[in-house]
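Listed here are the chains, written in short residue letters.
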Amino acid sequence: MRKIFNTLFLFAIMLRLNAQNHDSLTANDYSRAEHFLRYYTQPYIDNGEVNPVWLPGDKFWYRNLNPKGSEIIVVDAIQGTVTPSAGQQKNGDAVLNRREFNKKTLISPDSSKEAFIKDYNLWVKDLKTGKLIQLTTDGIKNFGYATDNAGWKKSDNPILKWSPDSKKIATFKQDQRAAGDMYLITTNVGHPKLESWKYPLPGDTNIITIQRVIINVDEPRVIFIKSEPDPHRASLSDDISSSGTFDDVAWSPDASQLAFISTSRNHQQEKFRIADAGTGDVREVFDETVKTQYESGQGTINWRYLHSSKEIIWYSERNNWGHLYLYDALTGKLKNQITKGNWVVTQLIKVDEKKRELYFLADGREPGNPYFTYLYKIGFDGKNLSLLTPDKGNHSIKLSPDENYFTDYYSQPDVPGVSLLRSIDGKLILTLEKTDISRLTATGWKPPVPFTVKAHDGVTDLYGLMYTPVQFDPAKKYPVIDYIYPGPQGGSIGSWSFMASRGDNQSLAELGFIVVQIEGTSNPLRSKSYHDMNYGNMAENTLPDQVAGIRALALRFNYMDTNRIGIWGHSGGGFATACAMFTYPDFFKVGISESGNHDNRNYEDDWGERYIGLLSKDGSGTSNYALQANQLYAKNLKGKLLLAHGFMDDNVPPSNTLLVVEALEKANKDYDLIIFPNSSHGYGAYAPYMMRRRWDYFVKNLLGKIPPKEYKLESKQDPRNPGSMQ
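Because the structure is predicted, anything quoted here is derived from the model rather than measured.

Reading the values: the criteria
- Residues numbered from 1 in each chain as written.
- Predicted model: local features only at pLDDT ≥ 70, side-chain atom pairs only at ≥ 80, totals over all residues.
- Heavy atoms only, no water.
- Helix = DSSP H or I, 4+ residues; strand = E, 2+ residues; numbered from the N terminus.
- Buried < 20%, exposed > 50% of the residue type's maximum accessible area, 1.4 Å probe, protein only.
- Contact = heavy atoms within 4.5 Å.
- pLDDT = per-residue confidence, 0-100.
- Phe/Tyr/Trp six-rings, centres within 6.5 Å; stacked < 30°, edge-to-face > 60°.
- Lys NZ or Arg CZ within 6 Å of the ring centre and 35° of its normal.
- Pairing = 2+ DSSP bridges.
- Salt bridge = Lys/Arg side-chain N within 4 Å of Asp/Glu carboxyl O.
- Axes fitted to C-alpha atoms, helices over the stretch in contact; angles between N-to-C directions.
- Parallel < 35°, antiparallel > 145°, perpendicular 65-115°, else oblique.
- Left-handed = near helix turned anticlockwise from the far one by under 90°.
- Nonpolar A, V, L, I, M, F, W, Y, C, P; charged D, E, K, R; others polar.

(A) Looking closely at the side chain of Gln506. Tracing the backbone shows Gln506 in helix 6 (residues 505-510). Given a relative accessible area of 9%, Gln506 falls into the buried group. Beyond its immediate sequence surroundings of up to four residues, Gln506 is in contact with Phe36, Lys446, Tyr467, Thr468, Pro469 and Val470.

(B) Focus on the confidence of the model for the protein. Averaged over the protein, the pLDDT score is 94; the fraction of residues at 70 or greater is 94%. For the protein, the element scoring lowest by mean pLDDT is helix 4 (residues 88-99), at 41; strand 40 (residues 590-594) scores highest, at 99. Note on residues 4-20: pLDDT is under 50 here. Beyond four places in sequence and across chains, it has 0 contacts. The low-confidence segment residues 88-101, where pLDDT is below 50, has 16 contacts with residues more than four positions distant or belonging to other chains.

(C) Expanded view of the environment of Leu643. Relative to the helices and strands, Leu643 resides in strand 41 (residues 640-646). Taking relative accessible area as the criterion, Leu643 reaches 0% and is therefore assigned buried. In this structure, the C-alpha to C-alpha distance between Leu643 and Gly574, residues 69 residues apart in sequence, is 8.3 Å. Those residues in contact with Leu643 that lie beyond four places of it in its chain are Ser593, His598, Thr657, Val660, Val661, Leu664, Tyr671, Asp672, Leu673 and Ile674.

(D) Main features of the packing of aromatic side chains. Enumeration over the complete set of coordinates arrives at 33 aromatic pairs. With a centroid separation of 6.2 Å and an interplanar angle of 85°, the aromatic rings of Phe676 and Tyr689 are classed as edge-to-face. Note that Phe676 is positioned in strand 42 (residues 672-676) and Tyr689 in helix 12 (residues 687-703), a separation of 13 residues in sequence. With relative accessibility at 3%, the residue Phe676 sits in the buried group. Grouped by ring-pair contacts, the aromatic residues Phe272, Phe286, Tyr294, Trp303, Tyr305, Trp314 and Tyr327 constitute a single cluster. When the ring centre of Trp123 is taken as reference, the NZ or CZ atom of Lys118 above it lies at 4.9 Å. Positioned above the aromatic ring of Phe143, the side-chain terminus of Arg177 is 3.8 Å from the ring centre.

(E) Examining the pairing of strand 13 (residues 168-175) more closely. Across the 8 residues that make up strand 13, a large majority, 8, are buried. Both faces of strand 13 are covered, namely the face carrying Lys168, Ala170, Phe172 and Gln174 and the face carrying Ile169, Thr171, Lys173 and Asp175. Bridge count between strand 9 (residues 143-145) and strand 13: 3 bridges; the pairing is antiparallel. Residue pairing for strand 13: Phe143 is matched across the bridge by Asp175. By the bridge criterion, 2 bridges tie strand 12 (residues 161-162) to strand 13 in an arrangement that is antiparallel. Residue Trp162 lies in a different strand from strand 13, and its bridge partner there is Ile169. What sits between the antiparallel neighbours strand 12 and strand 13 is a turn of 5 residues, in which Ser166 has the positive phi angle 65°. In this structure, strand 13 lies alongside strand 16 (residues 209-216), joined through 8 bridges in antiparallel fashion. Looking across to strand 16, one finds that Ala170 is bridged to Ile214.

(F) Quick peek at the pattern of salt bridges. Throughout the structure, instances matching the rule amount to 40 salt bridges. Put simply, Arg720 and Asp46 hold a salt bridge, and the shortest N to O gap is 2.8 Å. Here Arg720 is found in the segment after helix 12, whereas its partner Asp46 is found in the loop between helix 3 (38-41) and strand 1 (53-55), with 674 residues between them in sequence. Each member of the pair, Arg720 as well as Asp46, carries the same accessibility label: buried. With a shortest N-O distance of 3.0 Å, Arg720 and Asp718 are connected by a salt bridge. Per residue, the accessibility class of Arg720 equals that of Asp718, and both read buried.

(G) Seen up close, the sheet that holds strand 39 (residues 560-570). In space, the 8 strands of this open sheet follow the order 35-36-38-37-39-40-41-42, with mixed pairing throughout. At either end of the open sheet lies a strand with only one pairing partner, and these are strand 35 (449-454) and strand 42. Recorded for the sheet is a direction-independent mean angle of 20° between the axes of neighbouring strands. Looking at chain direction, strand 37 (residues 478-483) and strand 39 are connected through 6 bridges and run parallel. Residue pairing for strand 39: Pro479 is matched across the bridge by Asp561. Strands strand 35, strand 36 (461-467), strand 37, strand 38 (514-519) and strand 39 of the sheet are contacted by helix 8 (residues 543-556), whose axis makes an angle of about 110° with strand 35.

(H) Representation of the packing of helix 2 (residues 27-34) against helix 12. As a packed pair, helix 2 and helix 12 sit with axes 13 Å apart at the nearest point and diverge in direction by 120°. With respect to each other, helix 2 and helix 12 are oriented oblique. For the element pair helix 2 and helix 12, the recorded crossing hand is right-handed. Mapping the contact onto sequence places Tyr30, Ala33 and Glu34 in helix 2 and Arg692, Trp695, Asp696 and Val699 in helix 12. A breakdown of the residues in the contact of helix 2 with helix 12 according to their chemical character gives 4 nonpolar, no polar and 3 charged.

(I) Representation of the sheet that holds strand 19 (residues 249-251) within the structure. The antiparallel open sheet is built from 4 strands, whose spatial order is 19-20-21-22. Since the sheet does not close on itself, it has two edges, and those belong to strand 19 and strand 22 (282-289), each with one partner. Taken pair by pair, the neighbouring strands of this sheet meet at an average axis angle of 15°, ignoring direction. Examined bridge by bridge, strand 19 and strand 20 (residues 257-263) share 3 bridges and lie antiparallel to one another. Across the sheet, the residue bridging to Val249 is Phe260, located in strand 20.

Structure representation (structure tokens):
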């Protein structure tokens, strides 16, 4: 009897151990998944994208990483020669060091002076003599010169533009005095530190405004431009300094005039103006008004003031597609449309006034993926359109300083890239590098799978990427994770170029999931109607497209388990994730919402007022913003929801997540919460911790297995490129 008992006991232990092993993931499983993160995959990429450092005489060098290590390559664009140079690395690093500068100062075009802010006033320093000159004297706190604060982004950098002759500065006096404050409190032993700054909200009576000025430098004098203060807005983005310095202003070559754009508070009207730099007098040239929101391009501002010919290159989506137009700067009349067709100009990168030619990037004109970018040339008159980069793929263009040459790196999400050197007319000079991923594929890596599905309207094509485990079994059913970033200023995919790793998408797949990214409607780089599909109602969050897309994929691939669908995102994706869990509670079963702007009445004024419109109230006193607030629908939660936020988040204030927390508690709903007491929007040093907790949450609640306890993710350096963390 004892032998039988011992046998049964041992058999029971074996069954239990086998069940534990089947129902658990191990540290080895997590380690294998971690090896698909960028800091593991990137060191296996050889001969990657060329980043040229240009030298005098149309020469440049670049660092090439290959299986042997790091190699410096010197290229002569004129001769069309390539020379490996073991001794060039030291010289090249010196060039890089010379190019570094202190962003708290801006150096004049002739390199004789640098401008900076001190005590809310603007100063310059003579770089030869060291003499300091105070240019303004009446700047005070919250009403200073060249100060930088968009609410969600702020710095000590001066926001200004030097004139070409280095004798004048265009800037503004930023008025924040009546704007509302935002507060954050540190977590520490002892008295906490209160951080406060000006952070207007949608609907506020008082927002941040700028009074434009021109400052004479040699004999300091402030000339106020004779126009009403403008809202702190830009034609391209949320911020008048989104490029890092003063946007939407352009000096004439002789510094006698300053062209600028005034953007309305709701981004629906743009006024093109020209100021006399000596008197501040302003001439209204023309304006454009739209029903939703105006933007001057994608990634860069595309208007140009051509002083010599008294013309203006203007960007408009008036015919549903982003195109370039030519205006008469004297009369404000349209001369002709330059580009046209069912495709989008994204960036104007070169204007040749002598030849009257434009060079620009555009999406959607060539067959295939409409998000692939190509370089084109066209005449001011709209004739002789030429494709300069014919190779299929997404092109990254870098012009030489004299704009006579450019490097062209093209690739696809599942096709590694090629770096070329071309002359400005598109002629191929050299093939510089062909990216080699043979060492990467030898590790078991595989690329994501591009796909197309129909949007929720059943008509519009959507594009996305799908990730499956390396050890994929088509006979199994896999839970699905939807990574979402709904924009509308960006999208879930980001770059459509080749990448060895896109966040932790493949890592999650390795843990036993199918991961998808779907570029939904209301995101940019397509038609204006596509981009504006959710205008005024950000609660749509592309979610109908996500649901329709996943359902379509599941019909195509029967290994996708539509009974186990998860979703996660950060920032706008955090907003969308919580919204998905509340509005599609029977479809999405597990969600992870990180740093979401859940109620846009609690997020900075410019973003909401641009994409939703000005805050208004109906007859019952309910605002258009309130109807889109996630906490209003928290009572609908059925699945598992993890919320996360940094409590020193100066982009999306943590009150956004706490509003959802409070609503869930009022509704007696279970939820999970991770807080980062002293972290900002991206969690900083705690980002790997959040990633690991994200893996754990999906493994436990969507996969139904037990994760390894407290696995630690640790990034590392590429040994070929010391000092650069992957």
